[in-house]
Amino acid sequence: MLIFIFVYAVILVCLGAFIGRKAKSASDFFVAGRKFGTGLLFTSLIAANLGAGSTVGVTALAYTHGVSAWWWIGSAGIGSLILAYIVGPKIWRIAREHNYFTLSDYLDERYSKTFSGIISLMMSVGTLALFAGQLLGIAWILEVVAEIPKTQGVIIGAVVTTLYFAAGGLLSSAVVNIVEVAVILAGFVVAVPFVWNYAGGAEGIQSAVSKDSYFDAFGMGSGAIIGYIVMLVPSFFISPGLIGKVFAAESERAVKNGTALNGLVQLIFAVIPVIIGMSAGACIPNLARADLALPSAMKEMMPFFAASLALAGIFAAEVSTADTVLYMLAGSLVNDIYKRFINPSVSDKKLLTLSRVVTVVCGIAGVILALRLESIISALTIFYSLMSVSLSAPLLFGLFTERAGNAGAVMSALIGAGLTVYMTFEGVTFDVMGVKLNASTCGIIVSFAVMAMSLIVSKKSSGSGL
């Protein structure tokens, strides 16, 4: 299996390098020349969205909690449909008109450099955690299947992703993603009947697992599910990485169709890691950690050919999302911070070169962080919480009301993120009518409240004639 993965990784790197020769400008690197049709936008988005969280992470949740783990990917699918029909078309038109490369380009124009700078710094920190989570997913797979230690597994994942993305940015990753999506879907679809039959189907799982909540769609608890919905639904329609891919679309029709198809596939795919996780919970109940459920099921519950294809699918899932994360990091650090605040007159050629250098540096930083983190879900929660709390209210209010102002956006982001960080580190939750609201839920509610209050204040100020 290790040889199989090695050959596959070499193919990805070579394909990325070949396509990367066509990346001659920053526009090619960041928005692929704005040439994505429906198909290319779909493969680029779905490859980004089916990563460590949707595979290793959700399988781990299902291993522990059962059916209710569906809500992780299900929430992402709902957010993707909102991006397809509400947020995406509107912000695409604006980006096309003003030649924006990243979401921060829009935020800079809509609010201020100060606000876009704050968001870029927040996203850089959170996105690095997200990248580390993808590398952890690769490491757990290689550890179980090929007995490769965590450190080496993390490094392998970082090297493969960094090399092909640095070559051509979004242009390279979009083409590589076509191969990855085909392998991901084939690997997971083939895996399901083997693990389901191995576990004895629903009856076998029920007899092996004594938890009454295992087959309950809300078995994880209403507070946890609400937390996922509040954190993940907005994350998938305000994510700088996903919106950047939308900017690459050739038409508004491509935005709607490509993004909607991505959302529908997510909603369907959400069932697959749940089945695998529950089957592993019934047949391999004493794993040292839940994150090992997916690779363990692949190794022990499938024949060799199916396990090899599944392994390639999982590796493709982690790598495909990791390249999107590097895209977000390069965009934040190079375009949104360096070009905007340090060297506004930087040439297009130098911007392209710097983007490649920063990608490599971020790859190294991701390895260092991954070696310090233990759980994929905890790594992803850092990113999604920061992003949804700081960006959701300013972006939605900014797109759909002209009265949204810079002061309200800054306060909304800082207060919401500050509350989230405080509640997370202090372990604070709020009980509302018997439902425990976690840090990210409270943070996003407060951020929307602050943004709404800023509109009321601005209306009163304008009404008073001041």
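The rules behind the values
- Residues numbered from 1 in each chain as written.
- Predicted model: local features only at pLDDT ≥ 70, side-chain atom pairs only at ≥ 80, totals over all residues.
- Heavy atoms only, no water.
- Core = buried A, V, L, I, M, F, W, Y, C linked by side-chain atoms within 4.5 Å.
- Buried < 20%, exposed > 50% of the residue type's maximum accessible area, 1.4 Å probe, protein only.
- Contact = heavy atoms within 4.5 Å.
- 1 Å grid on protein atoms, 1.4 Å probe; cavity = no way out; pocket = protein on both sides within 12 Å on 5 of 7 lines; lining within 4 Å.
- Points joined across faces, edges and corners; volume = space filled by probe spheres on them.
- Helix = DSSP H or I, 4+ residues; strand = E, 2+ residues; numbered from the N terminus.
- Nonpolar A, V, L, I, M, F, W, Y, C, P; charged D, E, K, R; others polar.
- Phe/Tyr/Trp six-rings, centres within 6.5 Å; stacked < 30°, edge-to-face > 60°.
- Axes fitted to C-alpha atoms, helices over the stretch in contact; angles between N-to-C directions.
- Left-handed = near helix turned anticlockwise from the far one by under 90°.
- Patch = residues over 30% accessible without salt bridge, like charges linked within 9 Å, V, L, I, M, F, W, Y side chains within 5 Å.
- Areas by Shrake-Rupley, 256 points an atom, 1.4 Å probe, with all protein chains shown as cover.
- Salt bridge = Lys/Arg side-chain N within 4 Å of Asp/Glu carboxyl O.
- Expected span 1.5 Å × (residues − 1).
- Polar contact = N/O pair within 3.5 Å; in protein donor to acceptor, adjacent residues only side chain to side chain.

### Points about the nonpolar core
In terms of nonpolar packing, the biggest core is built from 127 residues, with W72, M298, Y384 and L395 touching the most fellow members. Here L395 is in contact with V87, I91, L103, Y106, F237, I238 and I243, once residues within four sequence places are set aside. Counting residues in each nonpolar core, the second largest holds six residues, with I138, L142, I148 and V319 among its members.

### Brief notes about the layout of surface pockets
If you roll a probe as big as a water molecule over the atoms, it shows you where there is empty space left. Here the largest pocket is characterised by a volume of approximately 470 Å³. T381, S385, T420, T424 and A439 are, among the 21 residues lining the largest pocket, the residues nearest its centre. Residue assignment for the lining of the largest pocket shows that the elements contributing at least two residues are α10 (222-238), α17 (376-400), α18 (406-426) and α19 (439-463). For the lining of the largest pocket, the class distribution of residues is ten nonpolar, eleven polar and no charged.

### Thoughts on the packing of aromatic side chains
A complete count under the given rule lists nine aromatic pairs for this structure. Both rings, one in W71 and one in F218, keep their centres 5.8 Å apart while their planes meet at 35°; by these two values the pair is tilted. Here the residue W71 occupies a position in helix α5 (residues 70-98), and F218 occupies one in the loop between α9 (201-208) and α10, the gap between them amounting to 147 residues. What makes W71 buried here is its relative accessible area of 17%. These aromatic residues form a ring-pair network of at least three members: W72, Y228, F236 and Y384.

### Brief notes about the packing of α5 against α10
Two numbers describe how α5 lies on α10: the axes approach to 7 Å, and their chain directions differ by 35°. Of the two elements, α5 crosses α10, and the hand of that crossing is right-handed. Of α10, the residues touching α5 (which contributes W71, W72, S75, A76, I78, G79, S80, I82, L83 and V87) are I225, Y228, I229, M231, L232, V233, F236 and F237. Looking at the contact of α5 with α10, its residues break down into 15 nonpolar, three polar and no charged.

### Comments concerning a nonpolar patch on the surface
A contiguous nonpolar surface patch, about 340 Å² in accessible area, is contributed by Y85, I86 and F400. Structurally, Y85 is set in helix α5. For Y85, a relative accessible area of 52% translates into the label exposed.

### As for helix α16 (residues 348-370)
For α16, which comprises 23 residues, the first-to-last C-alpha distance of 32 Å matches the rise-based estimate of 33 Å (1.5 Å per residue) to within 8%. Within the span of α16, buried status applies to L351, L352, S355, V358, T359, C362, G363, G366, V367 and A370. Its side-chain oxygen at 3.2 Å from the backbone nitrogen of K350, S347 defines the N-terminal cap of α16.

### A word on empty space enclosed by the protein
For the structure shown, the criterion picks out three cavities of 30 Å³ or more. Of the volumes computed, that of the second largest cavity is approximately 120 Å³. Contributing to the lining of the second largest cavity are 16 residues, with T102, L103, P240, S332 and D336 lying nearest its centre. Looking at the lining of the second largest cavity, the elements that each hand over two or more residues are α6 (103-110), α7 (113-146), α11 (240-247) and α15 (304-342). Here the lining of the second largest cavity gets five residues from one element, more than from any other, and that element is α15. When the residues that make up the lining of the second largest cavity are grouped by side-chain class, the tally is eight nonpolar, seven polar and one charged.

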